[in-house]
Amino acid sequence: MGFLTAVPAVHEGLDIAVPFLPESTIEGGANQPQTILVLGGASSVGSSAIQILRMSLPQATVIATASSKNHAQVTSLGANHVIDYKKGDVVDQIDQATSQNGVDAILDAVNGVTLQPELLGLLAKSNGKKKLFSEVLTGNNLPSSKVPEGVEQRQIAYTSILKKPGAESLLKSLTGMLRDEEYVIPIPVTKVGTGFDCIGQGLLTLKNGGVSGTKLVVMLE
Ligand SMILES: NC(=O)c1ccc[n+]([C@@H]2O[C@H](COP(=O)([O-])OP(=O)(O)OC[C@H]3O[C@@H](n4cnc5c(N)ncnc54)[C@H](OP(=O)(O)O)[C@@H]3O)[C@@H](O)[C@H]2O)c1
């Protein structure tokens, strides 16, 4: 699900051609973003998006947000800079990483902009022609009335990719990339247990907090 959501968040949300989706190329390579901010770099969608960005735009600078304990993991997936969104002023930290040049595009996997709309100001500082804000649909997204002029908000769900040419081969591509180690399962899996009874236990663990940089999985026989 993280991969299937990250693909449209990169491709449809940011107009980036993705190499394993060859029928969905995008015109105007010169306008591809050179600096991309991924909010939620340790989330399943965000950490998948970082890998897809790295494959699609090897020269681009990818800045991600994550808790400190996940910085090494997020860096290993291809982020150039990782910012701790829980410490200090996030905009200041990104300004430092970009020498005040802003970012050309934002991919928000975790409602980071809803919590901090001022992050969109980083797009205003960029020289990029398009100022795209790709936002994964979560039910708590930023109202369009709060999106500054000149910024294009694109709300993304995993279902959007299913209508695209070449989508039927996506899972086959994923299997091949995993086999060839071109793509790694982005965050470690923590097995809660086996059987429907374990779902409640998993939900309780989530509710109590402390689940970070991992995906809880219940096995069903
Ligand atoms: N509409 C769709 O088709 C669709 C599909 C998939 C997912 N989603 C939605 O997308 C969201 C992400 O899903 P997911 O499965 O990727 O989540 P996840 O793997 O459960 O992500 C959890 C991680 O997000 C990070 N995080 C939370 N708030 C953050 C913030 N303000 N800034 C930076 N990082 C933050 C935390 O990282 P740290 O531990 O580093 O703090 C946390 O560990 C969920 O709301 C989900 O419902 C929607």
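Use the structure listed above.
Predicted model, so just to flag it, every value in this text is computed and none were measured.

About the cut-offs
- Residues numbered from 1 in each chain as written.
- Predicted model: local features only at pLDDT ≥ 70, side-chain atom pairs only at ≥ 80, totals over all residues.
- Helix = DSSP H or I, 4+ residues; strand = E, 2+ residues; numbered from the N terminus.
- Rg over C-alpha atoms; globule rule 2.2 N^0.38 Å.
- Buried ≥ 20, exposed ≤ 12 C-beta atoms within 10 Å, placed from the backbone.
- Near = placed C-beta within 6 Å.
- Nonpolar A, V, L, I, M, F, W, Y, C, P; charged D, E, K, R; others polar.
- Domains from an automatic or database assignment.

Draft legend 1. Geometry of the overall build of the protein chain. Across its full length, the protein chain carries eight helices and eight strands. Relative to a compact globule of 221 residues, whose C-alpha radius of gyration would be 17 Å, the protein chain shows 17 Å and is just as compact. Expressed as a percentage of the 221 residues in the protein chain, the buried residues total 36%.

Draft legend 2. Representation of the site of the ligand. By nearness alone, 26 residues border the ligand, and A42, S43, S44, S67 and S212 come closest of all. Every element with two or more residues in the shell around the ligand is listed here: helix 1 (2-14), helix 2 (44-56) and helix 5 (112-115). Classifying every residue of the shell around the ligand gives 13 nonpolar, twelve polar and one charged. No fewer than three residues from each of domain 1 (2-179) and domain 2 (189-219) sit in the shell around the ligand.

Draft legend 3. Seen up close, unusual backbone geometry. The phi dihedral of D15 is positive, around 55°, even though this residue is not glycine. For D15, the location among the structural elements is in the loop between helix 1 and strand 1 (35-39). Backbone geometry places N111, a non-glycine residue, at a positive phi of 60°. Within the secondary structure, N111 sits in the loop between strand 4 (105-108) and helix 5. Judged by the 18 C-beta atoms lying within 10 Å of it, N111 falls in the partly exposed class.

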